[in-house]
Amino acid sequence: MKSLTFLLVFVPLLSVCRSQSETGVDEELGDEEHVELFTTATTKLAAATSDFGYNLYRALASQDASSNVLLAPLSVSTVLTQLSMGASETAERQLYRALRYHTLQDPQLHNTLRDLLTSTGTTGKGLSTAARVYLSRRLRVKPEFLRLVEQQFGTAPKQLMGGAKDLKDINDWVSQGTGGKVQRFLTKPFPRNTGVNTVSAAHFKGKWENGFSQSNSLESFQIDGGTTVRVPMMHQDNYPVKMGVDSDLSCTIAQIQMQDSVSIFVFLPNDVSANLTTLEESLTAEFVQDLSMTLLPAEVSLMLPVLSFSSTNELQPLLADLGLSDWLTSPGLEKITAQPVKLGTVNHKVVMEMVAEGNRYASSTSPPSHLALRVDKPFLFLVRDESSGALLLVGRMVNPKNLRI
Ligand SMILES: *[C@@H]1O[C@H](CO)[C@@H](O)[C@H](O)[C@H]1NC(C)=O
């Protein structure tokens, strides 16, 4: 009851940002100061790739309303950008639209993306990614394409050899690119006769700015349908967060600081439901940025499930939801090869490790906070790089029982 009273204070603040989110990404906001983060080429690109990420997330999340979801959108943006370097002008335009690049008017787009990848890829932030285009053995590939992509992103697209060796080769490459953390990327070879396949993978292990003194105690987590599971949770009293409630979305939002300007946002709906559609639909880069400006510092008794899990997805069918159905039929990859070629698979795997580890929590002499934040029912989360605003991970946790990497 106490926590409820406390949170009511935030209501007027949050209703402001909700009304802005409905204006959509393409429109100007009335109040410029809320979006001041997205002013440079890099941060504008960060906002664009985040919006692509939210769109992709929605497409994936709506496929199965009752599943856990995890995506690292920046690695998908990267591999599709690599692919766009082999596309005709028309096809590039179609891809840029889906990737949300079309609003940027950035003549140096590829360099800007490289800068963003460099800044979000520093060791302290805990994210490592791997992204590569794989081409069928039968294709007569134009060497210029391989050269351009390698020059720009440091990874040349690779032509397959056919046979079992490819699988090992791809999995080894992904493992190497993610410090050995993303294993068994593919469990079976690419389908036969697919011309182009893309691979994107990410590993995230963030370190808390403030660690948790208690980890892995088994606590109750309510899942949709009225049952409860017992799962490992991290717990800390007097934990500093930024917090607020959104009355329109009927949820509590907490932003928890990690090291090197990374933070995780937790959206905890008031009701126990795996259906987070209303919340999911509101997500845009601007919405999250506006929201972050309205959250207020608070010290809470925080309980958060240990989020160590992986997710593997084939994203190719989702691209149609992002306005790419025409492009999928006729991808115009004429700078890759003169032969007709289509996009086979868009494989994506993410491994996330969110454990108690972090700076040692400074022992406090103050009495335990009365305000509790128990993340103990289905919630949505996102990991954001605060310096650029780039979305690093987005996901939904509906049942944390038996999570596995
Ligand atoms: C989820 O909730 C939304 C909005 O409340 C509703 O329109 C939709 O039908 C629900 N989806 C499922 C699968 O129950």
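In this text the structure is predicted, and so the values were computed from the model without any measurement.

Criteria and cut-off values
- Residues numbered from 1 in each chain as written.
- Predicted model: local features only at pLDDT ≥ 70, side-chain atom pairs only at ≥ 80, totals over all residues.
- Helix = DSSP H or I, 4+ residues; strand = E, 2+ residues; numbered from the N terminus.
- Buried ≥ 20, exposed ≤ 12 C-beta atoms within 10 Å, placed from the backbone.
- Contact = placed C-beta atoms within 7 Å.
- Core = buried A, V, L, I, M, F, W, Y, C linked by C-beta atoms within 7 Å.
- Domains from an automatic or database assignment.
- Pairing = 2+ DSSP bridges.
- pLDDT = per-residue confidence, 0-100.
- Expected span 1.5 Å × (residues − 1).
- Near = placed C-beta within 6 Å.
- Nonpolar A, V, L, I, M, F, W, Y, C, P; charged D, E, K, R; others polar.
- Axes fitted to C-alpha atoms, helices over the stretch in contact; angles between N-to-C directions.
- Parallel < 35°, antiparallel > 145°, perpendicular 65-115°, else oblique.
- Arc of directions from axis to C-beta.

**Topic: the overall build of the chain**
Here is step 1: Secondary structure summary: the chain contains 11 helices and 14 strands in total.
Here is step 2: Expressed as a percentage of the 405 residues in the chain, the buried residues total 44%.
Here is step 3: For the chain, the share of sequence-separated contacts (at least 6 apart) that also reach a separation of at least 24 residues comes to 78%.

**Digging into the nonpolar core**
Here is step 1: Counting 111 residues, the largest nonpolar core has Leu56, Leu71, Val241, Leu392 and Leu393 as the members making the most contacts within it.
Here is step 2: Residues lining this core come from more than one domain, with at least three contributed by each of domain 1 (2-42 + 208-307 + 356-397) and domain 2 (69-205 + 309-352).
Here is step 3: Ignoring any residue separated from it by four or fewer positions in sequence, one finds Leu393 in contact with Leu70, Leu71, Ala72, Phe204, Val350, Met352, Leu382 and Val383.

**Topic: the sheet that holds strand β11 (residues 343-354)**
Here is step 1: Spatial strand order, β3-β2-β4-β11-β10: five strands in an open sheet with mixed pairing. Two strands bound the open sheet, and with one partner strand each, they are β3 (158-159) and β10 (307-314).

**A look at the confidence of the model for the chain**
Here is step 1: Here the chain shows a mean pLDDT of 90. Residues at 70 or above account for 89%.
Here is step 2: Confidence over residues 1-33 falls short of pLDDT 50; this stretch has 43 contacts with residues more than four positions distant or in other chains.

**Remarks on helix α4 (residues 73-84)**
Here is step 1: Its 12 residues place the ends of α4 16 Å apart at the C-alpha level, agreeing with the 16 Å of an ideal helix rising 1.5 Å per residue.
Here is step 2: Within α4, 12 of the 12 residues are buried, which leaves the element mostly enclosed by the surrounding structure.
Here is step 3: Restricting attention to buried positions, one finds in α4 the residues Pro73, Leu74, Ser75, Val76, Ser77, Thr78, Val79, Leu80, Thr81, Gln82, Leu83 and Ser84.

**Focus: the site of the ligand**
Here is step 1: What surrounds the ligand is the set Ala65, Asn275, Thr277 and Thr278.
Here is step 2: Considering only residue class, the shell around the ligand consists of one nonpolar, three polar and no charged.

**Observations regarding the environment of Ser301**
Here is step 1: Within the element layout of this structure, Ser301 appears in strand β9 (residues 296-305).
Here is step 2: Separated by 64 residues in the primary sequence, Ser301 and Asp237 place their C-alpha atoms 4.1 Å from one another.
Here is step 3: In this structure, Ser301 is in contact with Asp237, Pro368, Ser369, Leu371 and Ala372, ignoring residues within four places of it in sequence.

**As for the packing of helix α3 (residues 41-61) against helix α6 (residues 109-120)**
Working note: a packed helix pair is described by the angle between its axes plus the distance between those axes.
Here is step 1: At a minimum axis separation of 9 Å, α3 and α6 run at an interaxial angle of 85°. The angle between α3 and α6 places the two elements in the roughly perpendicular class. Listed contacts from α6 to Ala41, Thr42, Leu45 and Ala46 of α3 are Thr112, Leu113, Asp115 and Leu116.
Here is step 2: Class assignment for the residues of the contact of α3 with α6 results in five nonpolar, two polar and one charged.

**Thoughts on helix α5 (residues 89-98)**
Here is step 1: Looking only at α5, the buried set comprises Ala91, Gln94, Leu95 and Ala98. Axial view of α5: buried residues confined to an arc of 95°, hence all on one face.
Here is step 2: Close packing links the buried residues of α5 with α3, α4 and α11 (325-329).
Here is step 3: Within two residues after α5, Arg100 carries a phi angle of roughly 70°, on the positive side.

**Quick word on the pairing of strand β2 (residues 127-135)**
Within a regular strand, side chains alternate between the sheet's two faces.
Here is step 1: β2 sits mainly inside the fold: nine of its nine residues count as buried.
Here is step 2: The alternating pattern of β2 places Leu127, Thr129, Ala131, Val133 and Leu135 on one face and Ser128, Ala130, Arg132 and Tyr134 on the opposite face, and all of these are buried.
Here is step 3: Here β2 pairs with strand β4 (residues 196-205) via nine bridges, running antiparallel. By the bridge assignment, Arg132 is partnered in β4 with Val199.
Here is step 4: When β2 meets β3, the two strands line up parallel, connected through two bridges. Pairing of Tyr134 across the sheet is with Lys158, part of β3.

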